[in-house]
Amino acid sequence: MMKFRFRRQGTDPQREKIKQELFAFNKTVEHGFPHQPSALAFDPKLQLMAIGTKSGAIKIYGAPGVEFTGLHKDTTAVTQIHFLPGQGHLLSLLDDCTIHLWELAAGSPREVGGVKKEGVISLQEVDNCSLPGRPGIESCSATRVTVLLLLKSCELLCIGTEGGGVYFLELPHLLLKESQILLQDQVTQSLPDNYRCGKSLGPVESLQEHPQQTGKILIGYSRGLVVLWDLSSHHADQLFLGKQQLESLTWERSGNLFVSSHNDGGYSVWAVTSGNICNHQPVSSTIPYGPFPCKAINKILWKTTQTGSPVLLYSGGMPRASYGDRHCLTIQQDKEHVTLDFTSRVIDFFTVHSIEQEKEFDDPSALVVLLEEELVVIDLQTPGWPSLPTPYLAPLHSSAITCSCHISSVPSKLWERLINAGKAQQGRQQMHRSWPICGGKNLAPPPKQQELLLTGHEDGTVRFWDASGVALTPVYKLSTANVFHTDCDPSDDPQDPDMQQEEEWPPFRKVGCFDPYSDDPRLGIQKISLCKYSNKLVVAGTAGQVIVLGLSDEHSDHLVDMSVVDLLQDREGFTWKGHDKLEPRLKPAPFPPGFQPLVLVQCLPPASVTAVALHAEWNLISFGTSHGFGLFDYHRRNAVLARCTLHPNDSLAMEGPLSRVKSLKKSLRQSFRRIRKSRVSGKKRTISTPTSKVQEANAALAEQEEVAPVQRRIEPRSADDSLSGVVRCLCFADTFLRDGTHHGPTLWAGTNSGSVYTYALEVPGVGSRRVCERGGTNESSVCVEAVLGKEIQLMHRAPVVSICVLDGRGKPLPDPYEASQDLAITPDMTNAHSVLIASEEQLKVFSLPKVSAKTKFKLTAHEGCRVRKVALVVFSSTAQEDYSEHTLVCLTNLGDMHLFNIPGLRPQVRYDCIRKEDISGIASCVFTKNGQGFYLISPSEYERFSLSAKVLTEPLCSVQLDRPLEPSPASDGTMTQPQANGTHKNQMGQAEGQTEEVPSTLSSPILDTPLDSPLSCADLSLDSTGELTVEDVRDFLTTVDEAENNLKNIKEEEGRSPGILIN
Amino acid sequence: FFKNIHKKNQLNFEFRRFSVDRVKPGKFEEFYKLILHIHRIANMEVMIGYADVHGDLLPINNDDNFCKAVSTAHPLLRIFIQRQEEVDYANFGTNTITRKKKAVVALRNNDVNRKRPHIRIGMPQDFRPVSSIIDVDILPESHRRVRLYRHGSDKPLGFYIRDGTSVRVTPHGLEKVPGIFISRLVPGGLAESTGLLAVNDEVLEVNGIEVTGKSLDQVTDMMIANSHNLIVTVKPVNQRNNVVRSSRISGSSGQSSDSSGSTGYPSLSVASGGLVPSGAHGYQDDLESDEDADIVIESSLKRPSQRSNASLAYQLHRDLNLHSNPALRHSNGSLHKILSSLKTDPRHSLALPRGGVEEDGTVITL
C-alpha cells in the first residue's frame, strides 16, 4: 500500500514534460460588459476607449479584438480616467483620492499556443501618488479630489478639490508643484464684494483648458463662479459670476464661448470677450425641460458642425415630478431633439469628433454613452441618429443569465444559417457605419474554428454568441416566450410606436437592450442542448417546459404540438404547491427564421427542469426534474418513459416542493445580491476622521467577541434527505448494458441521492436488430421502448454530477452523428466498455455490462472538496502535433480545477481558479471540448480561462504610439495578466499550478509496522491489470523510490523532536 | 490417523459418530459444512461447542479453536450442536459441563464470575465493532486514533465539529494556529457511546489526512465522505487517560487506562473496543472494501417483446423499486442480506482479511 501513499509525489520527468506540454492555466479574457462601470475616457489620437469600474479595474478597448486590462492593487472604485493622448499613458483617479499612472508597454516576445508573438502590448501601472493632506485644522476632505484636468501639452495635471483649491502635478513623474497651488482666497480677492458675501465658493466642479490659448484654464466652482485663470501669469483673466449651482462646463471649439450646466436643469452660454473682466450675465440661459422643477444637467457638450447649428448633448435635466426617475441623455441640433431613454444610469459620455487643430468644426461622428449596464453608441452623422450595434461589451445580462452551454467547432453550414437568421432579426438596425472606436491592431490569428456560446436567460430567451475570438459578439437571439400565452402577449395589445411618440414631450426614444424585468419568471431557461449536425435544439425551463426546436430559414406560422409527461406516475399523497405550468398558445404563432419550435413537452408537476439530454440520431430527448425523468421520442411525438425518482420518505417532496423551488432560486438571487453588495461597498465616499476610526476599531472588537463558533454536524448522508430525487444528469450512449456482445442504445440518469438508473432502449432501425427490423414492419409504426436495465445505488449517496460511457479504448463515446458521419474516430466496440460516474464526492469507473468498480478516486475524502462541475476534455500537446489526451476536468466547491486522466483517474494537475466564496461563479462554469472554459465573474461578465497549453483565446494586440515602445523590465512574459472584477486572488505560485502535498508528520514511523495507517488509499485501482502501460509501471517504480527516500527523511527528523504539538 | 468423534446433537438429541484427520483437521468452514451435512441440517444456523479436558463447554467457531478442539480429543471428541437461537451463551466458558458432574473448577478462571454479578458476554462472532483505538504503537502518546464503524449501525455518528485555535510549539516559540475541535456529542450517538471522543478534543487527521490548513467545511466534507468507516486522530483535551508506553511492544498488548467509558466492567482484552450485539452479522460488514460496494440491482434484461409497452416496463420497474427500497434504508439485517446476495465481486464476500484484523492492533476496553 505504501506505493499509493506517495504516489502523487512521484515525478516521472518524462510524464512531467508531457504534462507541461498539455496543461497550463491562464485566465485569458473577460467577455461581456464590465460590472459596475464608474469612469469613461477616450483617446482621440489612439482611438482607444477606457472604462474604469468600481472594483478598481481599467479596461481599454479599441478595434474589435483589441483589449487591455489593468487592475489596481486596491479594489477601490475608479472615479476618473484621463488619457495622455497618443502616448499610451493614462491617469486614473480612485475613490481614495490616489492618482495612478498607467502605461501600455510592450512585453517581451513570448510563445502562445505554439506561435511566437512579438510586439504584444499590455497595460501596466507605473506610478501613483496622492495629495498630501494639509496638516492642522483643515479636514481631510479639503484635499479630496473632485476633478482632474490634463493639459494638452501632457506636462501638467490640474487637480480640483473639494476644498476649492486647485493643485498642479508635473508629469510624467507626478510631482506636486507646491508653489503653484491655487487656493480659493486668491480667487475671492478679485471678486466683487456683493458676490463674495462671505461664503465659500464650494468645491471645484469643473476644470477645462482653453481650446485655443495654451496656459489658460476655466475653473468652475460649485457655487456658480467660473474663473478663466492664466497659469503663466498666475492671475484671473476673467470672472463669470454665475448664480446657479454649477454642474459642468464645456468650451466651444473656437474658445469664444463656453457653456455651463446647472443643478436646476438649465444651461447657460457665456461669451468670452477680452477686456471684460467681470461677466454678470450669460449670453443665454435655458431650462430645456422646464418650467416645472427639473433635475440637474450633470454633463453638457457643445459640438460645432460644418452644416450649421451646433449639436448640444447633455445628460439629465428631466422634469423632476414626471420623469425624475428616467435615465436620459438629450441630443439637440436646431429643431431636431431626441431624448434617449435608457434603462440604467448614465455614467459618462463622449463624442468622437475631429481633433485636428486646423479644422474649424468638431463635426462629431458618434456619441458613446456608458451606462451602468451597457454601452450605447449613437451615429451622429446619419439622420435620425440611429444607434450602432456594439462589436464588444455586449450586455450579456440584458436579462439575467440562468444557464449556458458551449458548442465548439460549429459546422460552417449551421454557422452561416445562424448568422443569416441573426441578420434578419436585426433587420432595420443594419449597421450603416463602421465602429467608431478603432484603435490598435489585433494580432491574434483568425480563429481556427467557429465557437458558439449559448446563454439561457430569465426572460425565456436563448442568445447565441460568437465565442471564437476575444470579442464576444451577438449572433442570434431565440425567444421561447411566444410558444406560450403570457400576460403581456404582444398580439393582445397592438401598438404603433409612431403613434405613441407623436405627442410626447420630452421626445423619448428607448435605446439599449438591457431589460432586467422578466415578464414571467417561469419562462426562464434552465438547460440547453444543441446538436450541431442535425441543427436540433432542446431548451428546458423553470416551469417544466421542454421545447424541441429545429432550424428553418423561412418564416413560419404554426401551432406547436404539445405532450404532457407525468413524472409522478400516480405516486400518491403528493400535491404540487409550486407555480402553474405555462399555458401553451392555442392559436398558431408566428416564428421568424431561425430555430422554430417543433414540440413542447410539459413535465408534470411543472418543476424546474434540472437535466436534459438530446440524441438527434435516435430522435430522443430525455429530461429530468426534482421528481423524476422522462424519455420522449420527438419524431413520433410520443412519451416513451416516465420514471419517478422521489424517495418514499422524502416528506418535503411529498408535501409539495414550493419551498424548495423557491429556495433554490432565492439562494441564487441572494448570492448575486451578495456579489453586488460586496462590490458596491466601495462606492460611498468615506471620509475617515479620527473619531470614525476609533468607532470602527470598537465595532470590529465587538464583532469579534460576539461571533459564536460555527459548528458542523458530522452525519452520513441518508436516503431521507430532502431533494434526494432531483435528477442531476442524463446521458445517452450506445453501449453494452445487457451483455458483453450486444450493444445498443441506453439511457443513464443520476440523482441527488447517488442513484443511477440505466435503461436499455429499443430504437427502431438502430442497433444490432437493425436488419430484422427493416425486413417488413413499417418503421414508423414501431415505437421506441425502454426497459430498466440496472439500478445502481452509490453507497456514499452523494449526488451524481455526471455520467459518461467510455469505449473499449477508454475514450469517451463520440457525439451523435459524429461516428456515423465520419467526423470522429469510431468508438471501439470490440473491447469492454466502461462507465465513468462522477458524484460530488468520488470519481468512479465501472466496467460494463457488469457494473463492477474498476477505478475510483475519493476526492472529498482526500481533499475535503466536493465536485461541482465535470467535463471530459481533449488536451492537445504543444510539442507534438498529433498527440492529445482525454482528461477529466473537475471544478470543486473550493473553486479549484482538478485534472485526472481517464480511465485511470490519476490526478494530473490542480489549479486555483475561482474564489470559493464566488458561488455563482462556480455554478456558472462551462467547459469547452478543448480545454477552455467560461464562468461568470459578475452578472454581466464571463471570465474565459484556459487549462490547455495549446488552446488559448486571449487578446494579442499592438498599438501605434507616439513614444518609442520599449519592453519594460517589469514584464518578462511570465507575468500573469491581472484580472478585473473580483477575481482578486493571489496568483503567486500559480504559474506552476501544482500544489505540493505535505507529507504526513503525524504518522511518521510507518515503516515500523507492516500496516498502513488508515489512509488505505481506497482510491487505488481495484483492478487495473487490463490497462497497465509502461508509463504506469515507470510511475510506480519512481514513486516507490521516492517513498523510501521520504521515509528515510522522516526517520532522521524523528530523532530530533518527537512532535510539534504541546502535550 | 483417524479418531472417532462422538457427537451429541441437542436439536433432537441424536448422536452421530464420525472421524476426522487429527493431524490435518482442516478448516473450520469445512468442518462446519461437514457437520451440517452429516446432520442434514444444511439450512440451519448452529453453534458448535466441545467439551475440553476440564469438561468445560467451549465453542468451535474458527480455525484455531477447531484445531485446539481436535487436538484435545482423547481420543473421542464430544461435540455439542445447538441451534443458533437456542444457544444460551452463559453455558459457554468455564464451569459448564463440569458443574453438573464433578466440581473440578478452574479457580483461576472462575474468580471473576464469582465476585461479580453474572455478566452475559456473547460470542465474538455475534458482535461487530463500533469503535476502536488503533495505531497506538505509532502515534505520539498524546494522540489517539479512533475508528468509528458506522456501517450497519442505526445509531447516528452523533458529533459536531467547530473552528478554534490551538497553541503549538514551533521553532519561533508558542504559536496560535487554527484548528478543528469536537464541539458537541449527541447523547446516545455512536461517538458518545464509545467514550473515545470528547468535546474539545482537537481533530488532527481524518482517515490519515491532516486537517491543518483545511477549512471547517472541508473537514466536514471529509468526515462525511468517510462516515461509513471514519478514522479520526485527535489530541484528547483530557490528557490524563493516555496510553502509557513503557517500551515498544507488540501491537496487541497496549494497556488501557482510559476509564472514561468504564462502568464497572472488568478490563478485557478483546479484539475491539466497544462491542454491540447485532444479531447474526458477520465481520465482513466492516470490511474496508465493503464501504463502497455500491448496490447494483440487475433486472432480468430480457429482450422486450414487440408487444410490450412502456407500462409493462414501468410495472417491472415498480416491482424492483419495492424490492430495492428496504435495502436503501439502513434497516437491520435485510440490507446485508440483500447486499450479500447482490454482491458481484467475490472479494466482498471473503471473510475479514488479515490486514483488517491486525490493523485494529491495540485494544482499549470500556
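Numbering of residues begins from 1 in every chain and follows the order in which that chain's sequence is written. Whichever chain is written first is A, and whichever ligand is written first is 1; the rest continue in order. Per-residue local features are limited, in this predicted model, to residues with pLDDT of at least 70; the limit for side-chain atom pairs, both in listing and counting, is 80 or more; totals at the level of whole chains, interfaces and linings are taken over all residues. Hydrogen atoms and water are omitted, and side-chain values are computed over all heavy atoms in the structure.

(A) Structural context of the overall build of chain A. A run of H or I in DSSP counts as a helix once it spans at least four residues, and a run of E counts as a strand once it spans at least two, with each numbered from the N terminus. Scanning chain A from N- to C-terminus turns up 14 helices and 66 strands. Each residue gets one of three labels from its accessible area relative to the maximum for its type: buried under 20%, exposed over 50%, partly exposed in between, using a 1.4 Å probe on protein chains only. Counting over 1063 residues, chain A shows a buried share of 58%. Total accessible area computed for chain A in this model is approximately 44,800 Å², and 51% of it derives from carbon and sulfur atoms. Each accessible area is a Shrake-Rupley result for a 1.4 Å probe, and residues are judged covered by the shown protein chains and nothing else.

(B) Representation of the overall build of chain B in the model. Of the regular secondary structure elements, chain B holds 9 helices and 14 strands. Expressed as a percentage of the 366 residues in chain B, the buried residues total 49%. The contact definition used throughout considers only heavy atoms, calling two residues in contact when any of these lie within 4.5 Å. The contacts in chain B between residues at least 6 apart in sequence include a share of 64% that link residues at least 24 apart. Summed over its atoms, the accessible surface of chain B is roughly 18,700 Å², and 54% of this surface lies on carbon and sulfur atoms.

(C) Representation of the confidence of the model for chain B within the structure. Residue and element names in this part refer to chain B. Think of pLDDT as the predictor's per-residue confidence, scored from 0 to 100. Per-residue pLDDT for chain B averages 63, and the proportion of residues at 70 or more is 51%. Confidence scores differ between elements of chain B, with helix α9 (residues 354-359) showing the lowest mean pLDDT of 32 and strand β10 (residues 202-206) the highest of 93. Overall, residues 94-116 carries pLDDT values under 50, and its contacts beyond four positions in sequence, including any with other chains, amount to 29 contacts. For this predicted complex, the interface confidence score (ipTM) comes to 0.76, while the overall pTM stands at 0.75.

(D) Seen up close, the environment of A424 of chain A. Along the polypeptide, A424 of chain A turns up in helix α6 (residues 412-426). In the structure, A424 of chain A is positioned 169 residues away from P593 of chain A in sequence and 7.6 Å away in space, judged by C-alpha atoms.

(E) A look at the pattern of salt bridges. Salt bridges are defined by distance alone: a side-chain nitrogen of Lys or Arg within 4 Å of a carboxyl oxygen of Asp or Glu. Taken as a whole, this structure holds 38 salt bridges over all chains when the rule is applied. Ionic pairing is found between D341 of chain A and R326 of chain A, a salt bridge with its closest N-O pair at 2.7 Å. One end of the pair, D341 of chain A, is in strand β28 (residues 336-342); the other, R326 of chain A, is in the loop between α5 (320-323) and β27 (327-333), and 15 residues separate them in sequence. Judged by relative accessible area, D341 of chain A falls into the buried class, the value being 3%. Owing to a relative accessible area of 30%, R326 of chain A belongs among the partly exposed residues under this scheme. Within this structure, R728, E840, R866 and R868 of chain A together with D221 of chain B form a network of salt bridges that share partners.

(F) The nonpolar core, seen in detail. If you look at the biggest cluster of nonpolar residues, it comprises 34 residues, and the most contacted ones within it are L454, F464, L537 and F595 of chain A. The leading source of residues in this core is α6 of chain A, at 4 residues. Once you skip the residues sitting within four places of it in the chain, L454 of chain A turns out to touch C403, S404, C405, I407, V462, R463, F464, I528, L530 and L537 of chain A. Take the buried residues of types Ala, Val, Leu, Ile, Met, Phe, Trp, Tyr and Cys, join any two whose side-chain atoms come within 4.5 Å, and each joined set is a nonpolar core. Residues I161, L197, V203 and V211 of chain B belong to the second largest nonpolar core, which totals 27 residues.

(G) View of the confidence of the model for chain A. All names here are of chain A. Mean pLDDT over chain A stands at 80; residues scoring 70 or higher make up 78%. Note on residues 768-777: pLDDT under 50 across the span, and 13 contacts to partners over four residues away in sequence or across chains. Counting contacts from residues 968-1063, a segment whose pLDDT is below 50, to residues more than four positions away or on other chains yields 178 contacts.

(H) Layout of the UniProt feature "domain: Lethal giant larvae homologue" (unreviewed entry) in chain A. The feature "domain: Lethal giant larvae homologue" (unreviewed entry), as annotated in UniProt, sits at residues 286-386 of chain A in this numbering. Secondary structure across residues 286-386 of chain A comprises 4% helix and 50% strand; the distance between its end C-alpha atoms is 26 Å. UniProt positions are given in the numbering used here, feature names are shortened, and annotations may be inferred rather than shown by experiment.

(I) Structural view of unusual backbone geometry. All names here are of chain A. Note that the residue after G290, namely P291, is joined by a cis bond; omega there is 0 degrees. Along the chain, P291 turns up in the loop between β24 (284-286) and β25 (297-305). Cis geometry is adopted by the peptide bond preceding P605, which originates at L604 and carries an omega value of -5 degrees. Turning to its location among the elements, P605 is positioned in the loop between β45 (594-604) and β46 (611-615). Of note, H234 is a non-glycine position whose phi angle comes to about 60 degrees, a positive value.

(J) Region of interest: the pairing of strand β65 (residues 941-948) of chain A. Here β65 of chain A lies mainly inside the structure; 8 of its 8 residues are buried. Any two strands with at least two DSSP-identified bridges between them are counted as paired. Linking strand β64 (residues 932-938) of chain A back to β65 of chain A in an antiparallel pair, the connection comprises 2 residues.

(K) Focus on the domain arrangement of chain A. Residue and element names in this part refer to chain A. Residue ranges assigned to the domains are those given by an automatic or database domain assignment. The domains assigned to chain A are domain 1 (28-130), domain 2 (396-486 + 520-644) and domain 3 (727-763 + 784-946). Domain 1 puts 9 residues into the contact, and the matching count from domain 3 is 11 residues. Computed with a 1.4 Å rolling probe, the buried area is the accessible surface lost when two parts are put together, summed over both parts. The contact between domain 1 and domain 3 buries some 820 Å² in all, and 47% of this surface belongs to carbon and sulfur atoms. When the buried area of domain 1 at its contact with domain 3 is split by residue, T28, H31 and H35 rank highest and sum to 57% of it. For the pair domain 1 and domain 3, the number of links is 1 salt bridge. The closest approach of N and O atoms between E941 and K59, which form a salt bridge, is 3.2 Å. Pairing of N or O atoms within 3.5 Å defines a polar contact, subject to two protein rules: one partner must be a possible hydrogen donor and the other a possible acceptor, and residues neighboring in sequence count only if both atoms are side-chain atoms. The tally of links between domain 1 and domain 3 comes to 7 residue pairs in polar contact (both at pLDDT 80 or more). For this classification, Asp, Glu, Lys and Arg are treated as charged, while Ala, Val, Leu, Ile, Met, Phe, Trp, Tyr, Cys and Pro are nonpolar and the rest, including Gly, are polar. Broken down by class, the residue content of the side of domain 1 that touches domain 3 amounts to 3 nonpolar, 4 polar and 2 charged.

(L) Looking closely at the environment of S190 of chain A. Residues and elements named next belong to chain A. With respect to the helices, strands and loops of the structure, S190 is situated in the loop between α3 (184-189) and α4 (193-196). On the basis of relative accessible area, S190 is assigned to the partly exposed category, the value being 39%. Taking the C-alpha atoms as reference points, S190 and I277, 87 residues apart in sequence, are found 9.9 Å from one another. Residues in contact with S190, not counting those within four places in the same chain, are A236 and L239. Within the structure, the side chain of S190 is placed 2.9 Å from the backbone oxygen of V187, a separation counted as a polar contact.

(M) Local environment of the state of the cysteines. All names here are of chain A. Note on terminology: pairs of cysteine sulfur atoms within 2.5 Å are recorded as disulfides. Applying the stated rule across the entire model yields 0 disulfides over all chains. Note on C158: no disulfide assigned, nearest cysteine sulfur contributed by C154 at a separation of 12 Å. Its relative accessible area of 0% is what places C158 among the buried residues. Unpaired in terms of disulfides, C328 finds its nearest cysteine sulfur in C294, a separation of 11 Å.

(N) A look at the environment of S268 of chain A. Residue and element names in this part refer to chain A. Note on placement: S268 falls in strand β22 (residues 267-271). When the C-alpha positions of S268 and V346 are compared, they lie 22 Å apart, and in sequence the two are 78 residues distant. Those residues within four positions of S268 in sequence are excluded, and the remaining contacts are F258, V259, S260, H262, P282, S284 and S285.

(O) Geometry of the packing of aromatic side chains. Between 30 and 60 degrees the pair is tilted, below 30 it is stacked and above 60 it is edge-to-face, where a pair is any two Phe, Tyr or Trp rings, Trp via its six-membered ring, whose centres lie within 6.5 Å. Under the counting rule described, the total for this entry stands at 25 aromatic pairs over all chains. Ring centres of F28 of chain B and Y32 of chain B lie 5.7 Å apart, and the angle between their planes is 45 degrees; this geometry places the pair in the tilted category. Taken together, the positions of F28 of chain B and Y32 of chain B, both in helix α1 (residues 28-38) and 4 residues apart, correspond to about one turn of that helix. Judged by relative accessible area, F28 of chain B falls into the buried class, the value being 12%. Taking the relative accessible area as the measure of exposure, Y32 of chain B reaches 19% and is therefore buried. Among the aromatic residues, ring-to-ring pairing joins F25, Y911, F927, Y935 and F945 of chain A into one connected group.

(P) Region of the structure containing a nonpolar patch on the surface. All names here are of chain B. For patch detection, residues must exceed 30% relative accessible area and be free of salt bridges, and they are connected within 9 Å for like charges or within 5 Å for nonpolar side chains (Val, Leu, Ile, Met, Phe, Trp, Tyr). Taken together, the side chains of V167, V169 and L174 present a nonpolar region at the surface, about 250 Å² in accessible area. Along the chain, V167 turns up in strand β8 (residues 159-170). On the basis of relative accessible area, V167 is assigned to the partly exposed category, the value being 35%.

(Q) Highlighting the sheet that holds strand β54 (residues 785-793) of chain A. Strand order in the open sheet made by the 5 strands is β51(A)-β52(A)-β53(A)-β54(A)-β14(B), with antiparallel pairing throughout. Looking at the sheet topology across the chains shown, the edges are occupied by β51 (727-735) of chain A together with β14 (295-298) of chain B. Averaged over all adjacent pairs, the angle separating strand axes in this sheet is 20 degrees, with direction ignored. Where strand β52 (residues 744-751) of chain A lies against strand β53 (residues 755-762) of chain A, 5 bridges are found, and the strand directions are antiparallel. Inter-axis angles, ranging from 0 to 180 degrees, are taken between N-to-C directions of lines fitted to C-alpha atoms, where helices are fitted over the stretch in contact.

(R) View of the UniProt feature "repeat: WD" (unreviewed entry) in chain A. This chain's UniProt record puts "repeat: WD" (unreviewed entry) on residues 452-466 of chain A. Structurally, residues 452-466 of chain A is divided into 0% helix and 80% strand, and its ends, taken at the C-alpha atoms, are 5 Å apart.

(S) Structural context of the sheet that holds β65 of chain A. Residues and elements named next belong to chain A. Read from one edge to the other, the open sheet built from 4 strands follows the order β1-β65-β64-β63, with strand pairing classed as antiparallel. The sheet is open, and its two edges are formed by β1 (23-32) and β63 (926-927), each paired on a single side. Looking at chain direction, β64 and β65 are connected through 6 bridges and run antiparallel. Each residue of the ladder has a partner; that of L936, found in β65, is Y942. Each of β1 and β65 touches helix α2 (residues 13-22); the most contacted strand, β1, lies at about 10 degrees to it.

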